[in-house]
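# An overview of the molecular structure
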Amino acid sequence: MNAPLRRVAISVLVLFTLLIVNVNYIQVVRSDELRNNAGNTRVLAEEYDRERGSIVVGGDPIAVSVPTNDRLTYLRKYPQGDLYAGITGYYSLVYGNTGLERSENDVLAGSDPRLFVRRLADLFTGRDPAGGDVVLTLDPAVQKAAMAGIAGKTGAVVALDPSTGAVLGMASTPSFDPNQLSSHEPAKIRAYSAQLDKADPDPRNNQAIGERYPPGSVFKVIVSAAALKAGYTPQSMLKAPNQLDLPGSTATLKNFAGESCNGGADQSLIDALTVSCNTAFAQLGMDLGEDKVRAMAEAFGMDGQSMDIPLRVTGSSVGGIDGKAALAQTSIGQRDVVMTPMQAAMVAAAVANDGRLMKPYLVDQVRAPDLTVIDRTKPKEFSTPISADIANQLTTMMMSVVENGSGKAARIPGVQVAGKTGTAQIGKGIPDHNWFIGFAPADHPKIAVAVFIKNGGGTGGGVAAPIAHDVLQAYLNGHGG
Amino acid sequence: MAGPSTDPRGAGAAAGTQVPKRRGTEAALLAFSVLITVVAQCIVDLTVTGSLSSELATFSAWIAGLWVVAHLVVRRLAPYADPLLLPAVALLVGLGLAVIHRLDLAGQQGEHVSREDAPVQLLWATLGVVLFVAILALVRDHRLLARYAYTLALVGLALLAMPAVLPGSISEVNGAKIWIRLAGFSIQPGEFAKICLIVFFAAYLVDKRDVLALASRKVAGIELPRGRDLGPVLMAWGISILVLVFERDLGSSLLLFGIFVVMLYVATERASWLLIGVVLFSGGSVIAYQIFAHVRERVDTWLDPFGHYPNGGGYQLVQSLFGLGTGGLFGAGLGGGRPDQVPVAKSDFIASAVGEELGLFGLVAVIVVYLILVERGLRTSLIVRDAFGKLLAAGLAFAMAWQVFVVLGGVTGLLPLTGLTTPFLAYGGSSLVANFALVALLVRMSDAARRPAAPHPAPVPQLGEAPTEVVQP
């Protein structure tokens, strides 16, 4: 019996080796993945014992930890409910944390290296360790105006300070109540989550940075920039036929609602932008060629790469352009071009800031628990897609859009506003998406904005421009506009 | 340093029958186990509550006393026993007590004050040592057990069947009908049935192995047994299926069948039995998967735990994986993690608590201690002189190995979850006491194996008067 016994002994050794290999795989190879899994409440539960830092907007906390009597020492509260939900995210026992609660977790939880000295001091003085505060760049008036404008719709507003890239407002609807996901009652958290699951789109998706949509005529700003860079002037005459035959196909390209731009006659670049002439820009795009259009779009940030502000912004892209017909459609923001509302705001901001595109950022300061500022974000240049000269020409053209063209609804008395509307067609029977991008005051821009309404059904000028107007007005009222 | 005749073995052989008893080694290793046990308790207390508990001195004295008694009894009743078996058990029990105590404290911090389980477990361990002593005292020669093989078989089957027959209010916990709950106590008779059945298997297989080793047909190069000899293995298979059907206990079902097939293989030295076992097992598995929702759920959860999280059956396993992953290489330290987030961490998932707080190193150390226990058992089987002892030791050692593999594999996601207990470590009286009995038998046989042969061994009647095989170590 000894021969089979030895084999059994070896088999046991093999089985136990399997166990050990598997445990190594879980505790070493998958360790980080499991530890940081959003569903892993261990690290989170440990953090609940510590006073988490606040997220602050305009001097008031929009996310704050308050002491409780239950098992978890602190409860996370969001005093403004759904107003900042897309930015703060939630801090959930069941689902982990999202938004800034996730990306700024090191500071809020107090484990960030910038808080190291402070932590060391806590250790010696016996003070309860606490997390640091994150102060945001947002302007409460802008945020409220933005949320009010898109309430009841699916949409997004992004407002930037063009000279720094500071995000002044970032609204997304539908929104949700982060308090209900951050309670200490798992059953209620799950019930609320199930309710959100049923909504379409999911209110937890941030439409401003997480979703991409065809930009429609907003993209004409980029094509105009490419044309100006290639030697065109705002007065250069473009062919503007009533309809354009698309090369290599039997299809034709028409203007919005089948209208005529200039009775079928040639039209200047500035006028073509002002009335948003599809045939003129489709022809212009084909004349410029794919390379120039694509290069300009990429210089504005549309290179498909995501970016962290520190929330993750999905990359926008012009897509693959397969042939002249595709280039024609791309040039009017259709076909495979997709853009986040954040990217649209960046286009406006770059034009507003003399062609220098600043990297958007949400966090202005990081503060220690005793309110001393331990870090402040320095504005960084993202790219320079156009020269100051071209930026000025584009500004003039975009002012014309608001003064004389499709963007009249964004006009503010006594302030010069520059802008561009967009109405993206999605398919037969589906309401169009509506866009507006712009900035004000045009001569010395303080705020750039992008408004997006999903399936708004109207035009960019009719649906999105009035919201942009309110947002611009709200900011300029508070900043001597 | 090497003098002309310093080789102890040479000297021993020259002196006659001097075999080292190794009791000193056992005592030293036991002292080490007790030290680890007490230090672990201190660390738990200090980390979780910040001060040592008032019961620490009592606890330390009690646990030390237990092992002193066990050691003295071994010294007297089984002086040649393997010196590693008892210390390995002591280490596992001590570590288990520390982790259970730690989970008790975590429970007390919750809203509802839960029962303290560590003192109960200590009482069970005491009962285990009592049974350990009783077995060493009563079973002076393991071969005597063969006489009671059929009685033990009946007892084993009765124990196995009892929960199935009893009403669900007494026997059912979380869907598995494997308990007898009376007057505040709950026992799992299956744990004891396992040992009874292994004794029976050993006696039965020693008796019948010549017949079962006969081969008649050769199919595709493999010698297969005659159809009529398939009876016993089909019987074991059938009983396993019955356990699965009536008690919904996947673990015991798998355990019993695995043990029987391996013992059959060891007894007959015919690999074809393994093949038949695998075929029957596969068939049973496929049928069980098709028919039983609870088996299907276990398997589906195992294949995609995160797909069944947090609202499905994957909650336990995913929490266990989170615990293990968070523990990483070194663990959070005893008292530093959140092992209480895994449901039933004290019993089924105690290994994930070990992995979370003691890290990969701690968990692997525990696995290695089990491996030592099992391999010492198998070594006893190799050197014990009689066929019954060989089979019994092999069966018991393999039972331990198979159980550890299945339960740890389940907790770490290597295998589907089965609901078996982790021997010695996990909270649970039946499992603890039964495993003490198992180790008592191994100690008894290892003593017989290493004891110098008596000049005239008394003939011991074997079941069916099968000839005793004498194998040199």
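Going along each chain's sequence as written, the residues are numbered from 1 onward. Labels follow written order: the first chain is A, the first ligand is 1, and so on. Only residues with pLDDT of at least 70 are given local features in this predicted model, and only at 80 or more are side-chain atom pairs given and counted; all residues enter the totals for whole chains, interfaces and linings.

## Side note on the overall build of chain B
Strands here mean DSSP runs of E at least two residues long; helices mean DSSP runs of H or I at least four residues long; both are numbered from the N terminus. A count of helical and extended segments in chain B gives 16 helices and 6 strands. In chain B, the share of contacts with a sequence separation of at least 24, taken over all contacts with a separation of at least 6, comes to 71%. Residues are treated as contacting if the C-beta atoms built from their backbones sit within 7 Å of each other.

## Structural notes on the overall build of chain A
Within chain A one finds 18 helices and 21 strands. With C-beta atoms placed from the backbone, a residue is buried if 20 or more other C-beta atoms are within 10 Å of its own, exposed if 12 or fewer are, and partly exposed between those counts. A total of 481 residues make up chain A; the buried ones form 56% of that total.

## Side note on the packing of helix H8 (residues 189–212) of chain B against helix H15 (residues 387–411) of chain B
Between two packed helices, the angle of one axis relative to the other and the distance separating the axes together describe the packing. All names here are of chain B. As a packed pair, H8 and H15 sit with axes 9 Å apart at the nearest point and diverge in direction by 145 degrees. For the crossing formed where H8 meets H15, the hand is right-handed. Mapping the contact onto sequence places Lys194, Ile198, Val199, Phe201, Ala202, Ala203, Leu205 and Val206 in H8 and Ala387, Phe388, Leu391, Leu392, Gly395, Leu396 and Ala399 in H15. Three residue categories are used. Nonpolar comprises Ala, Val, Leu, Ile, Met, Phe, Trp, Tyr, Cys and Pro, charged comprises Asp, Glu, Lys and Arg, and polar comprises the others, including Gly. Tallied by class, residues from the contact of H8 with H15 come to 13 nonpolar, 1 polar and 1 charged. Every angle, taken between N-to-C directions, lies between 0 and 180 degrees, and every axis is a line fitted to C-alpha atoms, over only the stretch in contact when it is a helix. Here is the rule for handedness: rotate from the far helix to the near one, and if that takes an anticlockwise turn smaller than a right angle the crossing is left-handed, while a clockwise turn gives right-handed.

## A look at the interface of chain A and chain B
A common way to report how large an interface is uses the accessible area buried once the components associate. Contact residues are listed per partner, giving 33 residues for chain A and 44 residues for chain B. Elements represented by at least two residues in the side of chain A that touches chain B include exactly helix H1 (2–29), helix H2 (31–36) and helix H3 (41–48) of chain A. For the side of chain A that touches chain B, the element with the most residues is H1(A), which contributes 18 residues. Grouping the amino acids of the side of chain A that touches chain B by side-chain chemistry returns 19 nonpolar, 9 polar and 5 charged.

## Examining the sheet that holds strand E16 (residues 363–367) of chain A
Backbone-to-backbone hydrogen bonds pair the strands of a sheet. The strands run either parallel or antiparallel. Residue and element names in this part refer to chain A. We call two strands paired when DSSP finds no fewer than two bridges between them. Taken together, the 6 strands give an open sheet; going across it, the order is E3-E2-E1-E6-E16-E17, and neighbouring strands pair in mixed fashion. Strands with a single pairing partner mark the edges of an open sheet, and in this sheet they are strand E3 (74–77) and strand E17 (373–376). With direction set aside, neighbouring strand axes in the sheet form an average angle of 25 degrees. In this structure, strand E6 (residues 133–136) lies alongside E16, joined through 4 bridges in antiparallel fashion. When the bridges of E16 are listed, valine 135 appears paired with glutamine 365.

## A word on H1(A)
Helices are assigned an expected span. That span is 1.5 Å times one less than the residue count. If you check H1(A), its first and last C-alpha atoms are 39 Å apart, about what 28 residues at 1.5 Å a residue would give, namely 40 Å. Contacts made by the buried residues of H1(A) are with H2 of chain A together with helix H10 (250–268), helix H13 (315–327), helix H14 (350–383) and H15 of chain B.

## With respect to the confidence of the model for chain B
Low pLDDT marks stretches whose predicted atomic positions should not be read closely. Residues and elements named next belong to chain B. Mean pLDDT for chain B: 85, with 88% of residues reaching 70 or above. In this model, residues 1–16 is a region of pLDDT below 50 whose contacts with residues beyond four sequence positions or in other chains number 3 contacts. Among the scores for the predicted complex, ipTM is 0.89 and pTM is 0.62. On a scale of 0 to 100, pLDDT captures the predictor's confidence in every residue.

## A short note on unusual backbone geometry
Residue and element names in this part refer to chain A. Residue proline 174 is bonded to the preceding threonine 173 through a cis peptide linkage, with omega at -5 degrees. Summarising the element assignment, proline 174 is placed in the loop between strand E8 (167–173) and helix H9 (178–181). Looking along the chain, the bond that leaves alanine 440 and enters proline 441 is cis, with omega of -15 degrees. In this fold, proline 441 is placed in the loop between strand E20 (433–440) and strand E21 (447–453). Of note in this structure, leucine 371 is not a glycine but carries a positive phi near 75 degrees. Here leucine 371 lies in the loop between E16 and E17. Looking at leucine 371, the number of C-beta atoms within 10 Å reads 10, which means it is exposed.

## Considering the packing of helix H4 (residues 85–108) of chain B against helix H16 (residues 429–450) of chain B
All names here are of chain B. H16 packs onto H4 with a crossing angle of 160 degrees between their chain directions and a minimal axis gap of 10 Å. As far as their axial angle goes, H16 and H4 are roughly antiparallel. In the packing of H4 onto H16, the handedness of the crossing is left-handed. Contacts between H4 and H16 involve Leu85, Leu86 and Val89 from the former and Val439, Leu442, Val443 and Ser446 from the latter. Residue classes in the contact of H4 with H16 are distributed as 6 nonpolar, 1 polar and no charged. Here the word oblique covers every angle except those under 35 degrees (roughly parallel), over 145 (roughly antiparallel) and from 65 to 115 (roughly perpendicular).

## A few points about the pairing of strand E7 (residues 155–160) of chain A
Residue and element names in this part refer to chain A. Burial analysis of E7 places 6 of its 6 residues in the buried class, the great majority of the element. Relative to E8, E7 runs antiparallel, the two being bridged by 6 bridges. Note on E8: the bridge partner recorded for alanine 159 is glycine 169. Between E7 and E8, which pair antiparallel and follow one another directly, the connecting turn spans 6 residues, one of which, glycine 165, has a positive phi of 90 degrees. Relative to E21, E7 runs antiparallel, the two sharing 6 bridges. When the bridges of E21 are listed, alanine 159 appears paired with valine 449.

## Here we look at the environment of Gly24(B)
Among the secondary structure elements, Gly24(B) is positioned in helix H2 (residues 23–48). Distance from Gly24(B) to Pro83(B), taken between C-alpha atoms, is 8.4 Å for residues 59 residues apart in sequence.

## What to know about the nonpolar core
The tendency in soluble globular proteins is for nonpolar side chains to be buried as a group. Residue and element names in this part refer to chain B. To define a nonpolar core, we join buried Ala, Val, Leu, Ile, Met, Phe, Trp, Tyr and Cys residues through C-beta atoms within 7 Å and take the resulting set. Ranked by size, the top nonpolar core spans 154 residues in total, and within it Val199, Ala202, Met263 and Leu391 carry the most contacts. The dominant element in this core, judged by the number of residues it contributes, is H15, at 19 residues. Not counting the four nearest positions on each side in its chain, methionine 263 is found in contact with Phe201, Ala202, Leu205, Leu391, Ala394 and Gly395.

## With respect to H13(B)
Residue and element names in this part refer to chain B. Taking 1.5 Å per residue, 13 residues should reach 18 Å; H13 reaches 18 Å between its end C-alpha atoms and fits that length. Most of H13 is tucked away: 12 of the 13 residues are buried. Taken as a whole, H13 has its buried residues at Gln316, Leu317, Val318, Gln319, Ser320, Leu321, Phe322, Gly323, Leu324, Gly325, Thr326 and Gly327. Glycine 328 sits one or two residues past H13 and shows a positive phi near 60 degrees.

## Comments concerning the sheet that holds E21(A)
All names here are of chain A. The strand order across the open sheet built from 5 strands is E8-E7-E21-E20-E19, with neighbouring strands paired in antiparallel fashion. Either end of the sheet is taken by a strand with one partner, and the two such strands are E8 and strand E19 (418–424). Along the sheet, successive strands turn relative to each other by an average axial angle of 5 degrees, direction set aside. Strand direction decides the pairing type here: E19 and E20, joined by 7 bridges, are antiparallel.

## Some remarks on the environment of Gln334(A)
All names here are of chain A. Mapped onto the secondary structure, glutamine 334 falls in the loop between helix H15 (324–330) and helix H16 (341–352). Judged by the 21 C-beta atoms lying within 10 Å of it, glutamine 334 falls in the buried class. Considering only alpha carbons, one finds glutamine 334 and glutamine 425, 91 residues apart in sequence, at a separation of 7.4 Å. With residues near it in sequence (within four places) discarded, glutamine 334 still touches Pro214, Gly216, Gln329, Ala424 and Gln425.

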